[in-house]
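What the coordinates show
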Amino acid sequence: MHKKLAKTPPLGWNSWDCFGAAVTEAQLKENADYMAKHLKQYGWEYIVCDIQWYEPNARDNDYNNFTELNMDKYGRLIPAENRFPDSAEGRGFKIIADYCHSLGLKFGIHIMRGIPRQAVHQNLPIKNSNYTARQAAHHFSVCSWNTDMYGMKSCQAAQDYYNSVFELYASWGVDFIKCDDICVTEFRKWDNPYFADYEIEMIRKAIDNCGRDMVLSLSPGPADINNARHLAKNANMWRITGDFWDSWSKLYDMFDKCFLWQDTVKAGNFPDCDMLPLGRLSKNGICHGDQNRITQFTRAEQITMMSLWGIFRSPLMMGGNMPENDDWTLSLLTNEEYLKMHRTSYGAHQHSRREKNGKGDIIWVSNGRGCKYVALFNTRDTDYNIRLELREILMPDTEYTVYDIWNKKIVGSFKNKFTANIQSHGAGLYKIY
């Protein structure tokens, strides 16, 4: 059962932010090598190959509409050999997964919900089934931004197809599935707004029966808080936002989303703030900024993002090309006290929010083992002294030690209140004991 997996928020790397739809085997292995050398000892473990790995002609961040996809005779997508040469002769991702496993890491892939249109048009048989692809497909259930797939009917043919693909992924050694176009809540005139509820259940059943443990991540978002119980029953993580990129407006929006979902975070179930657009981004094509750029976030904004993701306990999926990380970026990913908070804290919540016209301060608090964690966020365009009333979260008239997590130093001992100067769009993250 998936409840046994992801007891703490998953930590990993995903290829989308830097390589778009055109990542290659060599790039996956280079990032796996980096993670094994620099991050594994801190708990980072997943290497995730994002979308279009089955498309020979993928070049950048854009999708080629109605393009030819690589499939087997049962309509199951298989890696494009020109991009993943180790997949030749029916090996799929097994050699790449084995390579990650040999480094002490885990391997994941992105999939789209449904069945390839190409398989449906050819009416291919479904493996170990009396049904065909055409009988599984819901021809009106299509993705609004990608033309590869039809969604599924709620029927045995669809379940048989999902069973067959997860049997294949298990044989490759896949540990993590990011399933796309499946928890977004946009209106669909042909169906319920939460249109993929039964597809989520079919995928859950297929994973449970495939013989291999796989963390299930649902994408994109924003997911609907009204579906929280269903999401938690079937998945380990689910997106609470659309695609997140390196702009202050998107980062600022995440305060609302984290506040909305703060009471749903628990072992095995983690609302997902999306990838960390840090370091080198958008090497293939242009996506929300210049091509082949270093993150547009200021260092203060990077601290804000890491602090919010961390205290909220979102999964952490690095988006930049890790072999190009500078010392600063690596330091964000390897801060031991931060990662301890992310791994062991509980009960995170927005303690206060004092803003006018979107400018002010936001305070989050969570519980640790014998301590409290506090994040002070400054949403103003100027630096500001933010005061925390310690007596509101701890015993009054008692002296407490305040440790600055990002600067790795004890600030001092304080009674009843603590004040810190926080940079514009920045944050302070503290352990109080």
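Scroll up to find the structure.
Summarised in this report is the structure supplied together with it. Residue positions are given per chain, counting from 1 as you read along its sequence in written order. Note on the predicted model: pLDDT of at least 70 is required for a residue's local features to be given, and 80 or more for side-chain atom pairs to be given and counted; whole-chain, interface and lining totals, by contrast, use all residues. Derived side-chain values reflect all non-hydrogen atoms in the structure, with water molecules and hydrogen atoms excluded from consideration.

Section: helix H10 (residues 299-312)
The criterion, for reference: Secondary structure is summarised from DSSP: a helix means a run of H or I of at least four residues, a strand means a run of E of at least two, and numbering begins at the N terminus for each. Take the residue count of a helix, subtract one, and multiply by 1.5 Å to get its expected span. Buried residues are those whose accessible area, probed at 1.4 Å on protein chains only, stays under 20% of the maximum for their type, while exposed residues exceed 50% and partly exposed ones sit between those limits.
Here H10 contains 14 residues, and its C-alpha end-to-end distance of 20 Å stays within 8% of the 20 Å for a straight helix at 1.5 Å per residue. With 13 of its 14 residues buried, H10 lies for the most part within the structure. Arg-313, located one to two residues past H10, shows a positive phi value of around 70°.

Section: the pairing of strand S14 (residues 346-356)
Quick note on the threshold: When DSSP finds two or more bridges between two strands, those strands count as paired.
The sheet contact formed by S14 and strand S15 (residues 359-368) spans 8 bridges and is antiparallel. The residue bridging Glu-355 from the neighbouring strand is Gly-360, located in S15. Here S14 folds back onto S15, and the loop between the two strands holds 2 residues, one of which, Asn-357, carries a positive phi near 55°.

A closer look at the sheet that holds S14
Rules: To get an axis, fit a line to the C-alpha atoms, keeping to the stretch in contact for a helix; angles then go from 0 to 180 degrees between the N-to-C directions. Throughout, a contact is declared for two residues whenever any of their heavy atoms are within 4.5 Å.
Taken in spatial order, the 6 strands line up as S14-S15-S16-S21-S18-S19 in an open sheet, and their pairing is antiparallel. Sheet topology places S14 and strand S19 (409-415) at the edges, where each strand pairs with a single neighbour. The sheet shows a mean angle of 25° between the axes of neighbouring strands, direction not considered. By the bridge criterion, 6 bridges tie strand S16 (residues 371-378) to strand S21 (residues 427-432) in an arrangement that is antiparallel. Within S21, the residue paired with Lys-372 across the bridge is Ile-432. Contacting S14, S16, strand S18 (399-404) and S21, helix H12 (residues 336-344) crosses the sheet at an angle of about 75° to S21.

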